[in-house]
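One letter stands for each residue in the lines below.
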Amino acid sequence: MTLGRSRAASVVLNVGGARYSLSRELLKDFPLRRVSRLHGCRSERDVLEVCDDYDRERNEYFFDRHSEAFGFILLYVRGHGKLRFAPRMCELSFYNEMIYWGLEGTHLEYCCQRRLDDRMSDTYTFYSAADEPGALGRDEARTGGAEAAPSRRWLERMRRTFEEPTSSLAAQILASVSVVFVIVSMVVLCASTLPDWRAAAADNRSLDDRSRYSAGPGREPSGIIEAVCIGWFTAECIVRFIISKNKCEFVKRPLNIIDLLAIMPYYISVLMTVLTGENLQLQRAGVTLRVLRMMRIFWVIKLARHFIGLQTLGLTLKRCYREMVMLLVFICVAMAIFSALSQLLEHGLDLETSNKDFASIPAACWWVIISMTTVGYGDMYPITVPGRILGGVCVVSGIVLLALPITFIYHSFVQCYHELKFRSARYSRSLSTEFLN
């Protein structure tokens, strides 16, 4: 834009090479706070606190900022449209430009606000200072503890070994051993439910009159394997707790809670054996002990520490909780409507030829849910013509309702997978360095 005829009556803003001419009257009440602050500057020092440079002769203020972003912001404050992100520009960079000129995230369009929130959440999750390779060196430089530096490096190495399976060769070996223990424990748990396995265990106990193998879960062959696996998991959890930086944060992590839920049932069952006596047959008949033994299935979730696929699934569910709630609401609303209509058409209109499977709305809810998910077990089905027409509408509606939020969940899953792959590749570089050394 051209300069005004009177230099005293107008000022020039030079933003990244783009020049804008404004009158001083407009400058006073300009919507951008940083620009309006120029009107109150009384000295060159005050001016340089607002802008990067100042030319007194041409009355020109220089701002070393993104010119295209400022153009979008200027169009917005002049009332020429809505504020959206500039093309081919990072959302965080554009947001920094907004903060610099005096705008907030609420000025953005709703779709851009969602993009900004997702990007900020991803950045906070995966690129925090604690995960940066140089974070440890910066902490040592700030503390200045030359003697404590080797111990900090050793603790950081231990943390990465236990928390990041791809960070080093030792971490990969440790992760492989942990996966083997998980697989063995799952195989033993599944085999212990077989009738032949339980019959053989009962015969072995009956051969010993002194109940030699009933002193605890760790005396039978399967109990020995279980005890070894539990010992490994317990030692791993204790070591990870000891070397963790923040003990409270360690306890709050979901995977650590799952580890605790997988380990505690074994010790509770051992404690019940000691307190209630030696009759293991009587104890196993109890519901409490059977529930505790089945809680060992949580060991499978421990594989999430070592496989990106399970980590991606958990992170996707965490980020898409709104979409998951929306999907649940869709299903519940449709289930309430179709179950009431199906109960009326199949049982409520003609009591003589009524379908006994649809005697109540809760019973009809089961048929609705298996029809909407296109499972169709065939255990109950409509027999009247209106009921069958309603069943077809229910199936088609289920396909449409389930497909609506899937697109959002799919895109989030792909994004989470690529981010976790990038994080894994970053730690794999340290593994390559270890091989070279």
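Residues numbered from 1 in each chain as written. Predicted model: local features only at pLDDT ≥ 70, side-chain atom pairs only at ≥ 80, totals over all residues. Heavy atoms only, no water.

## Looking at the UniProt feature "transmembrane region" (unreviewed entry) in the protein
Sequence positions flagged by UniProt for "transmembrane region" (unreviewed entry) are, in local numbering, residues 169-194, 223-243, 255-277, 297-317, 324-345, 357-377 and 389-413. End-to-end, the C-alpha atoms of residues 223-243 are 30 Å apart, and along that stretch the chain is 100% helix and 0% strand. (UniProt positions renumbered as here; feature names shortened; annotations may be inferred. Helix = DSSP H or I, 4+ residues; strand = E, 2+ residues; numbered from the N terminus.)

## Some details on the sheet that holds strand E2 (residues 18-23)
Pairing in this open sheet of 4 strands is mixed, and the strands run E2-E1-E4-E3 from one edge to the other. Pairing within the sheet leaves two strands with one partner each, and these edge strands are E2 and strand E3 (53-55). Shown here is a sheet whose adjacent strand axes are inclined to one another by a mean of 20°, direction ignored. Note: strand E1 (residues 10-15) against E2, 6 bridges, orientation antiparallel. By the bridge assignment for E2, valine 15 is matched with alanine 18. Contacts from helix H4 (residues 67-77) reach E1 and E2, with the element oriented near 35° to E2. (Pairing = 2+ DSSP bridges. Axes fitted to C-alpha atoms, helices over the stretch in contact; angles between N-to-C directions. Contact = heavy atoms within 4.5 Å.)

## A few points about the packing of helix H16 (residues 308-319) against helix H17 (residues 321-348)
What describes two packed helices is the angle between their axes and the distance between those same axes. Where H16 meets H17, the axes come as close as 5 Å, and the angle between the chain directions of the two elements is 70°. On the basis of their axis angle, the class for H16 and H17 is roughly perpendicular. Where H16 approaches H17, its residues Leu317, Lys318 and Arg319 are matched on the opposing element by Tyr321, Glu323 and Met324. For the contact of H16 with H17, the residue count by class is 3 nonpolar, no polar and 3 charged. (Parallel < 35°, antiparallel > 145°, perpendicular 65-115°, else oblique. Nonpolar A, V, L, I, M, F, W, Y, C, P; charged D, E, K, R; others polar.)

## Focus: the nonpolar core
Inside soluble globular proteins, nonpolar side chains tend to come together where they are buried. Counting residues in each nonpolar core, the largest one holds 34 residues, and the members touching the most others are Leu32, Tyr61, Phe63, Ile73, Phe94 and Trp101. Broken down by secondary-structure element, the contributors of at least two residues to this core are E1, E2, helix H3 (44-50), strand E4 (60-63), H4, helix H5 (91-101) and helix H6 (110-126). If one sorts the elements of this core by residue count, H4 sits on top with 5 residues. If you look at the next biggest cluster of nonpolar residues, it comprises 13 residues, including Leu189, Cys229, Ile230 and Ala262. (Core = buried A, V, L, I, M, F, W, Y, C linked by side-chain atoms within 4.5 Å. Buried < 20%, exposed > 50% of the residue type's maximum accessible area, 1.4 Å probe, protein only.)

## Describing the pattern of salt bridges
In total, this model carries 8 salt bridges according to the counting rule given. For the salt bridge of glutamate 97 with arginine 65, the shortest nitrogen-to-oxygen distance reads 3.3 Å. In this pair, glutamate 97 is assigned in helix H5 and arginine 65 in the loop between E4 and H4, connecting sequence segments 32 residues apart. A relative accessible area of 8% places glutamate 97 in the buried class. With a closest N to O distance of 2.8 Å, glutamate 91 and arginine 115 form a salt bridge. Here glutamate 91, found in helix H5, pairs with arginine 115, found in helix H6; they are 24 residues apart in sequence, far enough to count as distant. (Salt bridge = Lys/Arg side-chain N within 4 Å of Asp/Glu carboxyl O.)

## Let's talk about the packing of aromatic side chains
Evaluation of the coordinates by the stated rule reveals 11 aromatic pairs. Between phenylalanine 241 and phenylalanine 250, the aromatic rings sit 5.5 Å apart at their centres with planes inclined by 65°, giving edge-to-face as the arrangement. Their ring planes at 5° and their centres at 5.8 Å tell us that tryptophan 366 and tyrosine 377 sit as a pair that is stacked. In this pair, tryptophan 366 sits in helix H18 (residues 361-372) while tyrosine 377 sits in the loop between H18 and helix H19 (385-403), placing the two residues 11 residues apart along the sequence. Put simply, the rings of Tyr20, Phe63, Phe70, Tyr100 and Trp101 touch in pairs and so form one group of aromatic residues. The residue whose ring lies beneath arginine 65 is tyrosine 100, and the NZ or CZ to ring-centre distance is 4.0 Å. Above the ring of phenylalanine 241, the side-chain terminus of lysine 247 is found at 5.9 Å from the ring centroid. (Phe/Tyr/Trp six-rings, centres within 6.5 Å; stacked < 30°, edge-to-face > 60°. Lys NZ or Arg CZ within 6 Å of the ring centre and 35° of its normal.)

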